[in-house]
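Overview (structure and organization)
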Amino acid sequence: MNAIFDGIILGAGHNALILQAYLSRCGLKTLSLDRAPIPGGGLTTIENPRLPGFRHNPHSFFHRAITAMPWYGDLELERHGVRYLEPKLNVTMILRDGRALEWWTDLDRTVASCAEFSTRDADTLRRLAEEFRPIVEKILLPEAQSPPLEPALRRRLLERSALGRRLLEISALSPLEFVTRHFENDAVRAGLLFFNGLREVDLRLKGFGHSIPALLASRSKAQMAVGGSAALAQGLVADITRHGGEIRCGIELRGILVGSGRASGVELTTGEQIHASGFVASGLNPQQTFLDLMPAEAVPASVREKAAEFQYNLLAPLFGLHLALDEPPRYAASANHPELNDAFMVIVGLERFGQFHEIVAAHERGEIPSPVAWGACPTLFDSSQALSGKHTAFLWEKLPCALRGDPSNWAREKDAHGARLLKLWSELAPNLGRGVIRDQFVLSPADTEITLPNMRHGDLLVGSFANNQVGYHRPFAGAGCYRTPVPGLYLCGGSTHPGGNITGLCGYNAARVIAADLGKRIWWNPPDAEQALAAL
Ligand SMILES: Cc1cc2nc3c(=O)[nH]c(=O)nc-3n(C[C@H](O)[C@H](O)[C@H](O)COP(=O)(O)OP(=O)(O)OC[C@H]3O[C@@H](n4cnc5c(N)ncnc54)[C@H](O)[C@@H]3O)c2cc1C
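Read on for an overview of the structure.

**Examining the packing of helix α4 (residues 119-144) against helix α6 (residues 162-171)**
The contact between α4 and α6 brings their axes to 10 Å, and the two run at 105°. By the criterion of interaxial angle, the relationship of α4 to α6 is roughly perpendicular. Here L128, E131, F132, P134, I135, K138, I139 and L140 of α4 come into contact with α6, specifically with L163, G164, R166, L167 and I170. Partitioned by chemical class, the residues of the contact of α4 with α6 number nine nonpolar, one polar and three charged.

In structure tokens form, the structure reads like this:
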């Protein structure tokens, strides 16, 4: 085969699929290629091979604010069968003494829960959530939904308004400094830092002091896809194929072809060459893109160096324990808090602020800290993910990928660690120890890297925000804003702005840049960060 496409996209993770859907709707002939047997990357739902009818989500599950994302409407995903739920008791941290710190979709109820721990912290939480709402809506959202602004221009624009100056002031802190400065109660501080850890990862990183108040202020919270996370991928695939795009899975890439100084296609390990007249966009990480797949002579030495130095998060890799159950976990704390039976995301093992220091130190040593984990029972909200009346549930824990310096240690130790995690879970949800488990399996951080090699070292965020790998300079100076120093080659995965997680915004923003470079009409109505900041 010697087919010619307008554009080829490497990897068919959700960012790549969103990019492809927009460009297919521009009338471009597109092809995405993935080594996995099915498209979706971190949007996977598998049927339990030992218990047909039980479905598990081995990668992403909590999808934040998906229905508020611009691409969700633009790509008419609900017409393609995608449906999301946003449970009201959105997050809860269950303590051993039976108390629970609860984040509701309704701010008043969150504040009331916080007041059971500290009335001062409850007041602060309300004040910050209300203060940050316009910062989120007028600054942070347009910024995430646009190609990033050049840092000096961004600062100049932000310094012109009170809202902008307040954002700069809070951002200058690390999440750790933000929490210790504003909150007093140990459990509240721990819960808020946990929130931060879910999105921004390194709590010591200055420049991210705003991430916790931004999460408190966002109108949309954690959501789940009905039918499992793969349902979102299926909706994207439906839109792509409806608009003429093609997706090929189960391929192995040998390299990106370069002709007349431009990225001009790809070669597969079978020797097949596929040509692209307009662009090649990579949803893979910088090492894969610039070092593994590009001929060395086609990439400037300085770019190869920067790609080699691209850093990954120490505190992102996840260990997962997945259960198939006869009944949902029933928490002992529900005796005092019956609402816990309908809680969405549940945090267990977190009691004190100081545990974060212990967790960071254990990761630095490559060791397992005492467990702090979070998860859900999807079937409480979506019965389609198990047989009638039955349930699935999972817990995740942040653990080092290189266990005691070597990821291969996980093969020997993962089952024993799963048993330890289950013990913690059963202490809080005693019915899990009473024969309700029909099947269980674990996935280690090393398994993540094997399944999704773009998540190097198991970093599910595909690159840290340290090392100046943020905004305009993500993944690195000279390759930010989705264009690379190689003509015709673009980036569109989690290693670009605004970063990993299921946001789709890397692909959404890349679509605008590529469509503009190819002279295509932007048929959608994307926000403009520069205008938004200038209008503050
Ligand atoms: C255990 C776990 C839990 C998570 N939980 C959440 C969550 O609850 N909420 C959330 O928002 N995020 C979560 N994430 C993170 C989220 O899944 C990722 O950040 C997101 O999937 C990144 O999207 P992407 O489109 O950049 O790439 P990916 O989704 O990683 O897709 C990349 C694609 O590239 C393909 N690929 C890789 N290498 C090659 C190659 N050499 N050749 C061809 N194809 C290749 C892969 O097969 C994959 O399909 C989780 C991740 C993991 C691992």
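**Quick word on the packing of helix α1 (residues 14-25) against helix α16 (residues 505-517)**
Where α1 contacts α16, the two axes come as close as 7 Å, and the packing angle between them is 35°. Judged by the sense of rotation from one axis to the other, the crossing of α1 with α16 is right-handed. Between α1, through N15, I18, L19, Y22 and L23, and α16, the contact on the second element is made entirely by L505, C506, G507, Y508, A510, A511, I514 and A515. Here the residues of the contact of α1 with α16 are counted per class, giving 11 nonpolar, two polar and no charged.

**Details of the environment of S118**
Position of S118 among the secondary structure elements: in the loop between α3 (107-115) and α4. On the basis of relative accessibility, which here comes to 5%, the residue S118 falls in the buried class. A C-alpha to C-alpha distance of 6.3 Å links S118 and N185, two positions 67 residues apart in sequence. Leave out the neighbours within four places in its chain, and S118 touches E184 and N185. A polar side-chain atom of S118 sits 3.3 Å from the main-chain amide nitrogen of R120. Here E184 takes part through its side chain, which lies 2.9 Å from a polar atom of the side chain of S118.

**Some details on the sheet that holds strand β15 (residues 345-348)**
Two modes of strand pairing occur in sheets, parallel and antiparallel, and in both the strands are linked by backbone hydrogen bonds. The strand order across the open sheet built from seven strands is β8-β7-β15-β16-β17-β14-β18, with neighbouring strands paired in mixed fashion. Every interior strand has two partners, whereas the edge strands, β8 (100-104) and β18 (437-443), have only one. For this sheet the average axis-to-axis angle between neighbouring strands, irrespective of direction, equals 20°. Bridge count for strand β16 (residues 373-376) against strand β17 (residues 391-398) is four bridges, and the pairing is antiparallel.

**Quick word on the site of the ligand**
Close to the ligand lie 31 residues, the nearest being D34, F62, N454, L460 and N501. H14 places a side-chain nitrogen or oxygen 3.3 Å from an oxygen atom of the ligand. Between D34 and the ligand, the recorded distance is 2.5 Å, taken from a side-chain N or O atom to an oxygen atom. Here the shell around the ligand is built from residues that sort into 13 nonpolar, 15 polar and three charged.

**Re the nonpolar core**
Formed by 64 residues in total, the largest nonpolar core has its most connected members in F62, M93 and W103. Broken down by element, the residue count for this core peaks at nine residues, all from α4. Every residue in contact with M93, bar those within four places of it in the chain, is listed here: R99, A100, L101, W103, A187, A190, G191, I347 and L350. With 41 residues, the next largest nonpolar core counts L232, F279, Y508 and A510 among its residues.

**Brief notes about empty space enclosed by the protein**
Under the defined criterion, the tally for this structure stands at three cavities of 30 Å³ or more. Here the second largest cavity is characterised by a volume of approximately 80 Å³. Lining the second largest cavity, in full, are P329, Y331, L340, N341, A343, F344, V346, A376, C377, L380 and W425. Residue composition of the lining of the second largest cavity, by class: 10 nonpolar, one polar and no charged.

**Looking at the environment of W523**
Note that W523 resides in the loop between α16 and α17 (529-534). Between the alpha carbons of W523 and Y22 there is a distance of 8.7 Å; along the sequence they are 501 residues apart. In this view, W523 contacts Y22, R25, C26, D74 and L75; residues no more than four positions away in its chain are not counted.

Rules used throughout
- Residues numbered from 1 in each chain as written.
- Predicted model: local features only at pLDDT ≥ 70, side-chain atom pairs only at ≥ 80, totals over all residues.
- Heavy atoms only, no water.
- Axes fitted to C-alpha atoms, helices over the stretch in contact; angles between N-to-C directions.
- Helix = DSSP H or I, 4+ residues; strand = E, 2+ residues; numbered from the N terminus.
- Parallel < 35°, antiparallel > 145°, perpendicular 65-115°, else oblique.
- Contact = heavy atoms within 4.5 Å.
- Nonpolar A, V, L, I, M, F, W, Y, C, P; charged D, E, K, R; others polar.
- Left-handed = near helix turned anticlockwise from the far one by under 90°.
- Buried < 20%, exposed > 50% of the residue type's maximum accessible area, 1.4 Å probe, protein only.
- Polar contact = N/O pair within 3.5 Å; in protein donor to acceptor, adjacent residues only side chain to side chain.
- Pairing = 2+ DSSP bridges.
- Near = heavy atom within 4 Å.
- Core = buried A, V, L, I, M, F, W, Y, C linked by side-chain atoms within 4.5 Å.
- 1 Å grid on protein atoms, 1.4 Å probe; cavity = no way out; pocket = protein on both sides within 12 Å on 5 of 7 lines; lining within 4 Å.
- Points joined across faces, edges and corners; volume = space filled by probe spheres on them.

All we've got here are geometric facts, nothing functional implied.
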